[in-house]
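Below, each chain spelled out in residue letters.
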Amino acid sequence: MMRLPEFRYLAPKSLREAAAILTGEGPTAMIVAGGTDLYPNMKRRHQTPATLVSLRHVARLAGVRALRLATGGDGGAARGLFIGPNTTLTAMEENALLRRAWPGLHEAVRTISTPILRNMGTIGGNILLDTRCNYYNQSYEWRRAINFCMKCDGSVCWVAPGSDICLAVSSSDSAPMLCAIGARLRLVSSQGERTVEARELFQKDGIRYLAKRPDEILSGIELPPSHGWRTAYRKLRRREAFDFPVLGVAVALRFEGDVVAEARLWLGAVASAPIAVPEAEAALAGAPLTEERIDTASRLAFPKAKPVDNTDFGVRWRKEMARLLTRDALRSFRAA
Ligand SMILES: Cc1cc2nc3c(=O)[nH]c(=O)nc-3n(C[C@H](O)[C@H](O)[C@H](O)COP(=O)(O)OP(=O)(O)OC[C@H]3O[C@@H](n4cnc5c(N)ncnc54)[C@H](O)[C@@H]3O)c2cc1C
């Protein structure tokens, strides 16, 4: 049985207090939300923080509500949505505003792990999820037997021993969808607050996979108004419940009548960060969504997916599935 290492658990009542703890303790302190990723990681000794800072008692960090910024209209669709990072995945799944405004994000969340884990897991933890790899997500003893790997305790990337960077995979279902939607993320620390585009947060490096300092707390997720936008998400995994994605396809299209005025297509779980496919976006924009356009865009997604052999399934098949799932996601707009 794998046991948690010892740690100190603090539950501040405000963000300011939480930020002060992170500043005071430095990188030996970490935020914990639902703990569904962090606690298993701690049991495997991937992360061994001396102090965990829970945000559970910080008010207004959970829930989905209409953004107060703009004018009138019908809640989320016209004004955008604010999602607190401590909102559980189950609460998001049950939220009608979210389902109506951004069904692709709703679908991505609905596919995460299992109902029980979604009761504990939060959207903040999902966005900031650690990258994964067959050589990393193993017990301490297993990892020691292969002399560890670059991501934790070792120096070699066992997936590609010549690689200078870690190739662990971004495995968050929500990340590619938030990039496609154009979500903005609020980060708070003792130094103040800043807002970044979701697409700017993720970095192609399995170790330094977030453009976020350890003392920064994710304090909010802003979704833009959804008028004209339609979204879809497709996921590849072995078991329909439980498994992490080994490929995710996130599509957001803005329609003006029959014409696709703007297109965004992102692939998840095929690299250390979600991958944009601007070539496919260009092929879709400015014309009706015909079967020919769908075929072209799907073919353009294929070369962008460059999975390596560090998750479930063969890499060639996962790459081919990028084309097929892109086609499937795009066809869903024609069927609706
Ligand atoms: C069996 C199993 C299957 C799973 N399947 C999937 C899947 O299919 N798809 C998927 O995407 N995930 C999956 N997960 C991973 C996980 O359950 C979810 O990603 C979940 O949303 C993580 O949220 P959490 O609140 O539990 O995060 P935690 O474990 O609490 O935290 C995760 C990370 O985020 C940081 N963090 C959390 N909140 C904040 C914040 N507000 N500010 C700064 N840092 C923060 C933590 O420090 C930690 O580094 C699975 C996990 C398990 C155990």
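Up top is the structure.
Presented here is an overview of the structure given in this document.

Analysis parameters
- Residues numbered from 1 in each chain as written.
- Predicted model: local features only at pLDDT ≥ 70, side-chain atom pairs only at ≥ 80, totals over all residues.
- Heavy atoms only, no water.
- Helix = DSSP H or I, 4+ residues; strand = E, 2+ residues; numbered from the N terminus.
- Rg over C-alpha atoms; globule rule 2.2 N^0.38 Å.
- Buried < 20%, exposed > 50% of the residue type's maximum accessible area, 1.4 Å probe, protein only.
- Contact = heavy atoms within 4.5 Å.
- Areas by Shrake-Rupley, 256 points an atom, 1.4 Å probe, with all protein chains shown as cover.
- Polar contact = N/O pair within 3.5 Å; in protein donor to acceptor, adjacent residues only side chain to side chain.
- Pairing = 2+ DSSP bridges.
- Axes fitted to C-alpha atoms, helices over the stretch in contact; angles between N-to-C directions.
- Near = heavy atom within 4 Å.
- Nonpolar A, V, L, I, M, F, W, Y, C, P; charged D, E, K, R; others polar.
- Parallel < 35°, antiparallel > 145°, perpendicular 65-115°, else oblique.

It is worth spelling out the overall build of the protein chain at this point. Across its full length, the protein chain carries 14 helices and 13 strands. Since a compact globule built from 336 residues should have a radius of gyration of about 20 Å, the 20 Å found for the protein chain is in line with a globular shape. If you line up the protein chain on its principal axes, its C-alpha atoms span 60 × 50 × 35 Å. When burial is assessed residue by residue, the protein chain has 51% of its 336 residues classed as buried. Considering only residue pairs separated by 6 or more positions, the protein chain has 63% of its internal contacts joining residues 24 or more positions apart. When the accessible area of the protein chain is evaluated, it comes to approximately 15,200 Å², of which 52% is carbon and sulfur surface.

Another point: the side chain of Ser-298. Along the chain, Ser-298 turns up in helix α13 (residues 291–304). Residue classification places Ser-298 among the buried residues on the basis of a relative accessible area of 1%. Separated by 2.6 Å, the side chain of Ser-298 and the backbone oxygen of Ile-294 make a polar contact. Apart from residues lying up to four places away in sequence, Ser-298 is in contact with Arg-323, Thr-326, Arg-327 and Leu-330.

Here the focus is the environment of Gly-104. Along the chain, Gly-104 falls in helix α6 (residues 103–110). Taking C-alpha positions, Gly-104 is 38 Å from Pro-5, a pair spaced 99 residues apart along the chain. Once you skip the residues sitting within four places of it in the chain, Gly-104 turns out to touch Met-177, Thr-231, Ala-232 and Tyr-233.

Moving on: the sheet that holds strand β7 (residues 192–197). Taken together, five strands build an open sheet; the order of strands is β4-β5-β8-β6-β7 and the sheet is antiparallel. With one partner strand each, in any of the chains shown, β4 (64–66) and β7 form the two edges of the open sheet. Direction aside, neighbouring strands of the sheet carry axes that sit 25° apart on average. As paired strands, strand β6 (residues 184–189) and strand β8 (residues 217–223) are joined by five bridges and run antiparallel to one another. Across the sheet, Arg-186 pairs through a bridge with Gly-220, a residue of β8. Strand contacts of helix α1 (residues 15–25): β6 and β8, with the helix running at about 130° to β8, the strand carrying the most contacts.

Along the polypeptide, Thr-51 turns up in strand β3 (residues 51–54). At a separation of 2.8 Å, a polar atom in the side chain of Thr-51 contacts the side chain of Glu-25.

Close to the ligand lie 33 residues; Ile-31, Thr-36, Thr-122, Asn-126 and Asp-173 are nearest. Asp-37 places a main-chain nitrogen or oxygen 2.9 Å from an oxygen atom of the ligand. In isolation the ligand offers 980 Å² of accessible surface; the protein chains occlude 93% of this area. Those elements that place two or more of their residues in the shell around the ligand are β2 (29–32), α8 (123–127) and β8. No other element matches β2, which puts three residues into the shell around the ligand. Split into classes, the residues belonging to the shell around the ligand amount to 17 nonpolar, 11 polar and five charged.

Another aspect to go through is the pairing of strand β11 (residues 259–268). In terms of burial, β11 is largely enclosed, as seven of its 10 residues are buried. Pairing geometry for strand β10 (residues 247–256) and β11, over nine bridges, is antiparallel. Within the sheet, the bridge partner assigned to Gly-248 lies in β11 and is Gly-268. The antiparallel pairing of β10 with β11 creates a hairpin that spans two residues between the two strands, and Gly-257 there sits at a positive phi of about 65°. Pairing between β11 and strand β13 (residues 287–288): two bridges, direction antiparallel. By the bridge assignment for β13, Val-259 is matched with Pro-288. Between β11 and strand β12 (residues 275–276), which pair antiparallel in sequence order, lie six residues; one of them, Ala-269, sits at a positive phi of approximately 65°.

Closest axis-to-axis distance for the α6/helix α10 (residues 174–181) pair is 9 Å, and the angle between their directions is 170°. Regarding the angle of α6 to α10, the classification is roughly antiparallel. Note on element contacts: α10 touches α6 through Ser-174, Met-177, Leu-178 and Ile-181, opposite Gly-104, Leu-105 and Ala-108. Taken together, the residues that form the contact of α6 with α10 break down as five nonpolar, two polar and no charged.

Pairing is parallel in the open sheet, where three strands are placed in the order β1-β3-β2. Each edge of the open sheet is held by one strand with a lone partner, namely β1 (8–10) and β2. Taking each pair of neighbouring strands and ignoring which way they run, the sheet shows an average axis angle of 25°. Pairing geometry for β2 and β3, over four bridges, is parallel. Following the sheet pairing, Ala-29 is matched in β3 by Thr-51.

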